[in-house]
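# Examination of the molecular architecture
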Amino acid sequence: MALRSLLRAASGLGAGCWISAAAAVPVATSIPPSPGLVRSLAAFERDLLELDGALRPERLSAEAPFSLADPALQPPDPGAAPTRAAAADQPEERLLSLSQALAVAVANNPELAERRARIAEMRGLKRSVQGRFWPRLGLNLGGAFSQRSDYNLVLQDNAGIYPPLPVFNPNQTSDFVNSPFTVPENGWNRIQANRGSAWGSLDLDWELISFERGAALAEQDQRLTASLEQYGDALRQLQLQVSEAYYGLQLADQLLRVRQAVVRNDALVRDQVAALKGSGLVPRLDLLRAEAALQQSRFRQEQADALRQSRRQALTNLLNVAFTTLLRARTDVALQPPWPLPLDATLVAGLRDNPALEQLSAERQALLRQADRRQAQLLPNLQLFAGGGGGAELLTKPVIDLNGCCASMNTRQLSSQSADWVAGLRLHWRFFDAGVSGGEAQASRAAAEAVLQRLARQRNQIRQELETAFYDYRASLSQLAAAEASYQASREAFRDARARYQLGLADYTDVSETIMLLTRSMEGIAESTTLANVSYARMLRQLQPVPQQPERAPNLPLTLSVDPVPQGP
């Protein structure tokens with residue numbers, strides 16, 4: 001779509017409207033050739049030679065020095081934004097080739113960074129499920145200090161409740177004394193106790209048998225696979241976006257250079273018609289037509305310049321470089337080598353191991369495993385548990401006041417220790433949950449069926465995109481051949497018209513018509529080359545091999561290396 005809009009804009013800029021001011025001005029052949037116009041034609045031919053070298057380079061120029069560590073190519077902070085007008089200026093310019101632009105995009109693209117973060121998230125979730133196959137150990141440590149103060153008052157004695165105790169004297173007779181548990185009325189005591197304690201224990205839990213655990217691991221494994229495939233598809237899509245933006249900028253640059261050459265020529269034609277008008281050799285109508293044509297050429301030049309600026313900004317934003325940086329594309333446009341596969345082999349290779357299709361397939365498998373996990377909640381679960389620990393306690397009673405009450409055993413300081421352990425098996429079996437687990441499993445299977453239909457739609461869309469790009473590529477090559485033939489004929493016609501004008505055998509209207517044909521053919525070469533390159537990139541988008549691990553630096557060539565395509569029976 002970006003290419004179509006760009007070509008539509010280029011067509012709207014007047015691909016067939018380079019009619020010079022004198023295209024419709026009939027003049028007598030007796031008017032001598034203008035020295036200024038002759039000089040203008042010489043300058044125009046020099047412009048043609050420069051444009052011809054850019055549109056059809058025999059050899060690409062060497063790439064400029066390039067480093068991803070360049071501060072101008074570093075991505076801005078994700079949360080940053082230019083807060084002042086000066087911060088939004090772009091005084092720094094960088095010239096990049098397509099391969100360099102692609103390397104910057106891979107390093108800076110926020111979507112790829114998001115995909116890598118999602119992969120790290122899925123890996124963490126998978127490791128969390130894998131940990132359920134191992135026992136869980138827990139250590140509990142604690143300590144506490146408490147203080148308590150008691151005061152007791154006897155409101156009624158307990159005489160008669162406890163029998164008196166016999167006491168033997170030396171005379172071998174016995175006397176009876178009150179029981180030590182007997183307290184008199186209004187007796188009291190006051191005791192303050194300080195208690196310090198510390199304890200520790202070790203717990204163990206181990207899922208010995210769990211059907212839900214295995215299904216959960218399979219689900220997370222498929223979700224991780226889907227994330228990896230999504231990253232690969234994002235790499236392919238990024239390469240296509242960068243290629244379209246880069247080729248579009250190159251086309252805008254070429255169109256602007258053509259229009260600048262035509263404006264210079266039309267300006268001189270207008271000046272020459274004005275001189276002829278002053279001499280009375282042409283009517284006022286010719287001057288008005290020349291002025292109108294010049295203003296239209298300037299308008300189209302401004303449109304081409306605006307298109308180039310927007311294309312440059314689009315490439316700059318896509319590569320996510322520093323706010324103060326503006327990117328430029330190389331002027332020499334190279335046609336990609338011929339597409340090495342026929343249509344049927346292209347379709348087979350494009351649908352084979354395609355990350356977009358593999359991602360949907362992994363998402364579907366993840367939903368099916370999710371259904372198994374939810375259904376497995378109704379199956380038994382056997383766990384081993386064990387625990388052991390010990391503690392120590394120190395009890396001190398700094399205040400012990402006894403006044404006829406409650407002569408229980410009291411000590412000033414007491415230390416005690418304890419230890420225990422326990423081990424056993426725990427079986428959990430959910431016999432009935434009113435259809436909760438079954439409903440969740442049914443929902444997961446329905447979602448998997450929906451993803452399957454998305455897979456079919458994506459497959460058909462990929463095939464349609466490959467077929468469209470293949471036919472556009474073949475048509476653009478035919479258009480390029482026609483534009484090349486037209487350009488060669490127009491160049492020869494321009495040389496003849498220029499020579500005839502210098503000899504006085506033709507007027508400047510013949511030259512202007514020849515320039516119109518020549519500029520049309522030049523624009524046709526630029527547009528056909530761009531369409532061929534973009535169609536190539538669109539086919540490459542579905543066949544480009546991409547790494548499965550985001551830690552590896554991706555190697556994204558701009559041309560397709562042919563692998564054997566398996567043949568059917």
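Thresholds, definitions, all that
- Residues numbered from 1 in each chain as written.
- Predicted model: local features only at pLDDT ≥ 70, side-chain atom pairs only at ≥ 80, totals over all residues.
- Heavy atoms only, no water.
- Helix = DSSP H or I, 4+ residues; strand = E, 2+ residues; numbered from the N terminus.
- Expected span 1.5 Å × (residues − 1).
- Buried < 20%, exposed > 50% of the residue type's maximum accessible area, 1.4 Å probe, protein only.
- Arc of directions from axis to C-beta.
- Contact = heavy atoms within 4.5 Å.
- pLDDT = per-residue confidence, 0-100.
- Pairing = 2+ DSSP bridges.
- Axes fitted to C-alpha atoms, helices over the stretch in contact; angles between N-to-C directions.
- Parallel < 35°, antiparallel > 145°, perpendicular 65-115°, else oblique.
- Left-handed = near helix turned anticlockwise from the far one by under 90°.
- Nonpolar A, V, L, I, M, F, W, Y, C, P; charged D, E, K, R; others polar.
- Salt bridge = Lys/Arg side-chain N within 4 Å of Asp/Glu carboxyl O.
- Patch = residues over 30% accessible without salt bridge, like charges linked within 9 Å, V, L, I, M, F, W, Y side chains within 5 Å.
- Areas by Shrake-Rupley, 256 points an atom, 1.4 Å probe, with all protein chains shown as cover.
- Core = buried A, V, L, I, M, F, W, Y, C linked by side-chain atoms within 4.5 Å.

## Re helix α4 (residues 110-130)
For α4, with 21 residues, the first-to-last C-alpha span of 30 Å sits near the 30 Å given by 1.5 Å per residue. Those residues of α4 not exposed but buried are Leu 112, Arg 115, Ile 119, Met 122, Lys 126 and Val 129. Buried residues along α4 cover an arc of 95° about the axis, so they all sit on one side. Those residues of α4 that are buried lie in contact with α3 (98-108) and α5 (211-278).

## Regarding the confidence of the model for the protein chain
Across the protein chain, the average pLDDT comes to 84, with 85% of residues at 70 or higher. pLDDT under 50 marks residues 1-30. Its contacts with residues more than four places away, or in other chains, come to 71 contacts. Below pLDDT 50 for its whole length, residues 564-569 participates in five contacts with residues either more than four positions away or in separate chains.

## Things to note about the sheet that holds strand β5 (residues 188-210)
What holds strands together in a sheet is hydrogen bonding between their backbones, with the strands either parallel or antiparallel. If you walk across this open sheet you meet the four strands as β2-β5-β7-β8, and the pairing is antiparallel. Only two strands of the sheet have a single neighbouring strand rather than two, namely β2 (136-153) and β8 (413-428). Here the strands of the sheet are splayed against their neighbours by 15° on average, with no regard to which way each runs. Two elements, strand β7 (residues 381-403) and β8, share 16 bridges in a ladder whose sense is antiparallel. Each residue of the ladder has a partner; that of Gly 388, found in β8, is Trp 421.

## Considering the packing of α3 against α5
Two elements in contact, α3 and α5, have axes separated by 10 Å at closest approach and are oriented at 135°. By the angle between their axes, α3 is oblique relative to α5. Of the two elements, α3 crosses α5, and the hand of that crossing is right-handed. Touching Leu 98, Ala 101, Leu 102, Ala 105 and Val 106 of α3 are Leu 235, Leu 238, Gln 239, Val 242, Ser 243, Tyr 246 and Tyr 247, all from α5. In terms of residue class, the contact of α3 with α5 is built from 10 nonpolar, two polar and no charged.

## Here's the deal with the pairing of strand β6 (residues 325-329)
Counted residue by residue, β6 has four buried out of five residues, so it is predominantly covered. Pairing analysis gives five bridges linking strand β1 (residues 92-96) to β6, with the strands arranged parallel. Paired with Leu 95 across the two strands is Arg 328, which belongs to β6.

## Regarding the environment of Phe 211
Relative to the helices and strands, Phe 211 resides in helix α5. We classify Phe 211 as partly exposed; its relative accessible area is 46%. Here the alpha-carbon distance between Phe 211 and Leu 378, two residues 167 residues apart in the chain, equals 9.3 Å. Every residue in contact with Phe 211, bar those within four places of it in the chain, is listed here: Ala 376, Leu 379 and Pro 380.

## Observations concerning the pattern of salt bridges
Two side chains carrying opposite charge are able to pair once their charged atoms lie near each other. Evaluated as defined, the whole model comprises 27 salt bridges. Between Arg 223 and Glu 219 there is a salt bridge, and its shortest N-O distance comes to 3.3 Å. Residue Arg 223 and its partner Glu 219 are both found in helix α5; the two are separated by four residues, about one turn of the helix. What makes Arg 223 partly exposed here is its relative accessible area of 26%. A salt bridge links Arg 369 to Asp 372; its shortest N-O distance comes to 3.1 Å.

## With respect to a nonpolar patch on the surface
A contiguous nonpolar surface patch, about 560 Å² in accessible area, is contributed by Trp 206, Leu 208, Ile 209, Phe 211, Leu 379 and Leu 425. Among the elements that make up the nonpolar patch, the one with the highest residue count is β5 (three residues). Within the fold, Leu 379 resides in the loop between α8 (355-375) and β7. Classification of Leu 379 by relative accessible area gives partly exposed; the value is 39%.

## Overview of the side chain of Gln 544
Here Gln 544 lies in the segment after α10 (508-543). Overall, Gln 544 belongs to the buried group, its relative accessible area being 1%. If near-sequence neighbours (up to four positions away) are discounted, Gln 544 is found in contact with Arg 236, Gln 239, Asn 555, Leu 556 and Pro 557.

## Regarding the nonpolar core
Membership of the largest hydrophobic core comes to 31 residues, with the highest contact counts inside it found for Leu 112, Leu 235, Leu 238, Val 242, Leu 315, Leu 319 and Leu 327. Secondary-structure elements contributing two or more residues to this core are α3, α4, α5, α6 (284-319) and β6. In terms of residue count, the dominant contributor to this core is α5 (11 residues). Those residues in contact with Leu 327 that sit more than four places away from it in its chain are Leu 73, Arg 94, Leu 96, Leu 249, Arg 312, Leu 315, Thr 316, Leu 319 and Val 321.

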